[in-house]
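Fold and geometry: a report
Chain by chain, the residues:
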Amino acid sequence: MAFYREDGDKLNVQDFVERYSKGYLLGERKISGITYQQSSKYVEDEVMKIKDSHFESYIDVVRVMAWKIGRIRHRESQKQKKFIYTSDWEDCEKNNPKLYGRVFDLKKLAKYILDNRNYLEEVAVNDPQECLKLLRNTGIKGIGSVYLITLLFFLSHGKYPIYDRFAMAALIANEKNICANNNQVITVNELPGKWSKPFATLCEQEYGEFIKRLDALGIDYKNNRKVDQALWVYGHAFKVSMATKGSL
């Protein structure tokens, strides 16, 4: 198991996290040789405040989903110190936006979360699979397994990690001692669709394997946001190939 610098030198886990997480935020030097978009520290801090406290409003839900889906203009948000959304989501704090060409019913999602917040938070901590099932059963179109896990992350206050294909690619590369190189292909299994039979064991199978790989790093990723940031940046050094196992 090993992570690598851009020049091929090996890094221990602590040095890896410090080196690659620095390139995650705007205002810091990007990691050379890797193509990715940097994030706003302002946005990151505001979103993590929701994780550390609670969903308090519809706007909190909007901001979390916009952050995960990629509907925030980070450079402008950082400059103005407020959330600036992409053109197709400009009115999302007042009205439901669209996703994949159809209405994304965030109002329904927010109402469900806010009406059941205490219960959902308890279930998220004690029975993550059941929490995913409850959120799935809202029937909201456009929220697949990855976005359900995002909500689990916030409802569990970070006990269960956020999932991302680039972070998974980074963990696989580490496990297989693959050096960061844009010519390397890393195959990541797509999470099962939320209505598929394998979804019932997501926390034991695909998502469970992701957590096991995080645990193997031997670092406190639950209380150190830099770990996920570093993995996300590092994962962009590879060509990530998705092996389809389900659909929304």
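A separate point is helix α1 (residues 13-22). Restricting attention to buried positions, one finds in α1 the residues V13, F16, V17, Y20 and S21. Seen along its axis, α1 keeps its buried residues to an arc of 105°; they face one direction. Check the buried side of α1 and you find it contacts β1 (3-4), β2 (10-11) and α11 (225-235). You can read the cap of α1 off the contacts: a side-chain oxygen lies 3.2 Å from the backbone nitrogen of Q14, and it is on N12.

Pairing of side chains with opposite charge becomes possible as their charged atoms draw close. Tallying each qualifying case throughout the model produces 16 salt bridges. With a closest N to O distance of 2.6 Å, K111 and D115 form a salt bridge. Taken together, the positions of K111 and D115, both in helix α5 (residues 106-115) and four residues apart, correspond to about one turn of that helix. Taken individually, K111 and D115 each receive the classification exposed, so the pair is uniform in this respect. Taken together, the shared-partner salt bridges in this structure form one network comprising E44, R225 and D228.

Another point: the packing of helix α3 (residues 58-69) against α5. Where α3 meets α5, the closest approach of the two axes is 9 Å, and the angle between their N-to-C directions is 115°. Viewed along their axes, α3 and α5 form a crossing whose handedness is right-handed. Side by side, α3 and α5 meet where Y58, V61, V62 and M65 of the first sit next to L106, K107, L109, A110, I113 and L114 of the second. Residues of the contact of α3 with α5, tallied by class, amount to nine nonpolar, no polar and one charged.

This brings us to the packing of aromatic side chains. Per the stated rule, a full pass over the model turns up 17 aromatic pairs. With 5.1 Å between their ring centres and 85° between their planes, F16 and Y234 make a pair best called edge-to-face. Placement of the pair is F16 in helix α1 and Y234 in helix α11, with a sequence separation of 218 residues. Both residues of the pair, F16 and Y234, count as buried. Consider the rings of Y36 and W232, whose centres lie 6.1 Å apart with planes at 90°: the pair is edge-to-face. Of this pair, Y36 sits in the loop between α1 and α2 (41-52) while W232 is found in helix α11, placing the two residues 196 residues apart along the sequence. Here Y36 and W232 have matching classes, each one buried.

The rules behind the values
Residues numbered from 1 in each chain as written. Predicted model: local features only at pLDDT ≥ 70, side-chain atom pairs only at ≥ 80, totals over all residues. Heavy atoms only, no water. Buried < 20%, exposed > 50% of the residue type's maximum accessible area, 1.4 Å probe, protein only. Helix = DSSP H or I, 4+ residues; strand = E, 2+ residues; numbered from the N terminus. Arc of directions from axis to C-beta. Contact = heavy atoms within 4.5 Å. Polar contact = N/O pair within 3.5 Å; in protein donor to acceptor, adjacent residues only side chain to side chain. Salt bridge = Lys/Arg side-chain N within 4 Å of Asp/Glu carboxyl O. Axes fitted to C-alpha atoms, helices over the stretch in contact; angles between N-to-C directions. Left-handed = near helix turned anticlockwise from the far one by under 90°. Nonpolar A, V, L, I, M, F, W, Y, C, P; charged D, E, K, R; others polar. Phe/Tyr/Trp six-rings, centres within 6.5 Å; stacked < 30°, edge-to-face > 60°.

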